[in-house]
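# Structure at a glance
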Amino acid sequence: EPEVTQTPSHQVTQMGQEVILRCVPISNHLYFYWYRQILGQKVEFLVSFYNNEISEKSEIFDDQFSVERPDGSNFTLKIRSTKLEDSAMYFCASSEAEGGTEAFFGQGTRLTVV
Amino acid sequence: AQRVTQPEKLLSVFKGAPVELKCNYSYSGSPELFWYVQYSRQRLQLLLRHISRESIKGFTADLNKGETSFHLKKPFAQEEDSAMYYCALSGLASGTYKYIFGTGTRLKVLA
């Protein structure tokens, strides 16, 4: 069964450094998402991406965040200058179509900012 | 405002007992409702969605539009059902679809 894959599984970075979280969505999917989950809290929407542009972003997704689909297969989330409060589990997801269809999630990247 | 509420953070039941995980939602329009499950150290995976009206691993959920609820039920819990369960909705907002998750309920099935 096709899967969404994320790398790395765990990333430790120093405050102020840039990190890039990588995702390979399922190949025929057209809609891509990033979510994050701070320890003990709910899964929060960050951004959705379709047709090579951001469809929607949440209040969390401020100027330090950016997303890219650099080569037609990878989907990356960049955090420019990490803060302690960016420590969380980041999930990538993809879906075949808009709403009403299953979103397939990656296994997540645990980001720890020290 | 779009919101999914799961009032219970933790639900413990004995094996063989019935289970009901509560989910209420707030949405103006007609959302799609889902239940996702996350077993220990694994990814979020779809358990079921209201439009398919199927039973997966013995779980069912009925959308009650009057009560804006989508509670997850299973008549006889098994130990392997122990996991985090997230209720989610997907709906058109600001011109695009996105999935909104509840805070999750940890189900512990005791032997």
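For the structure, check the block above.
Source: prediction; values computed, not measured.

Cut-offs applied
Residues numbered from 1 in each chain as written. Chains lettered and ligands numbered in written order. Predicted model: local features only at pLDDT ≥ 70, side-chain atom pairs only at ≥ 80, totals over all residues. Heavy atoms only, no water. Pairing = 2+ DSSP bridges. Helix = DSSP H or I, 4+ residues; strand = E, 2+ residues; numbered from the N terminus. Axes fitted to C-alpha atoms, helices over the stretch in contact; angles between N-to-C directions. Contact = heavy atoms within 4.5 Å. Buried area = accessible area lost by both parts, 1.4 Å probe. Salt bridge = Lys/Arg side-chain N within 4 Å of Asp/Glu carboxyl O. Polar contact = N/O pair within 3.5 Å; in protein donor to acceptor, adjacent residues only side chain to side chain. Buried < 20%, exposed > 50% of the residue type's maximum accessible area, 1.4 Å probe, protein only.

Our focus in this paragraph is the sheet that holds strand 7 (residues 65–68) of chain A. Residue and element names in this part refer to chain A. Judged by pairing direction, the sheet is antiparallel, and its four strands sit side by side in the order 1-3-8-7 without closing on themselves. Strands with a single pairing partner mark the edges of an open sheet, and in this sheet they are strand 1 (5–7) and strand 7. Ignoring which end each strand starts from, the neighbouring axes of this sheet average 20 degrees apart. Relative to strand 3 (residues 19–24), strand 1 runs antiparallel, the two being bridged by three bridges. Bridging across to strand 3, Thr-7 finds its partner in Arg-22.

On to the interface of chain A and chain B, then. Note: interface size is frequently given as the accessible area lost on complex formation between the parts. Between chain A and chain B, the residue contacts involve 22 residues of the former and 20 residues of the latter. For the pairing of chain A and chain B, the buried interface totals around 2000 Å² over both sides, and the portion due to carbon and sulfur atoms is 53%. Applying the counting rule to chain A against chain B returns one salt bridge. Two residues, Glu3(A) and Arg43(B), come together in a salt bridge whose shortest N-O distance is 3.6 Å. Our count for the chain A to chain B interface comes out at five residue pairs in polar contact (both at pLDDT 80 or more).

With that settled, consider unusual backbone geometry. That bond from Thr7(A) to Pro8(A) is cis: its omega, -10 degrees, falls within 30 degrees of zero. By the secondary structure assignment, Pro8(A) is in the loop between strand 1 and strand 2 (10–13). One non-glycine residue with positive phi stands out, namely Asn51(A), at about 55 degrees. Residue placement: Asn51(A) occurs in the loop between strand 5 (43–50) and strand 6 (53–57). Residue Asn51(A) is classed as exposed on the basis of its relative accessible area of 58%. Of note, the phi angle at Lys57(B) is positive, near 50 degrees, even though the residue is not glycine.

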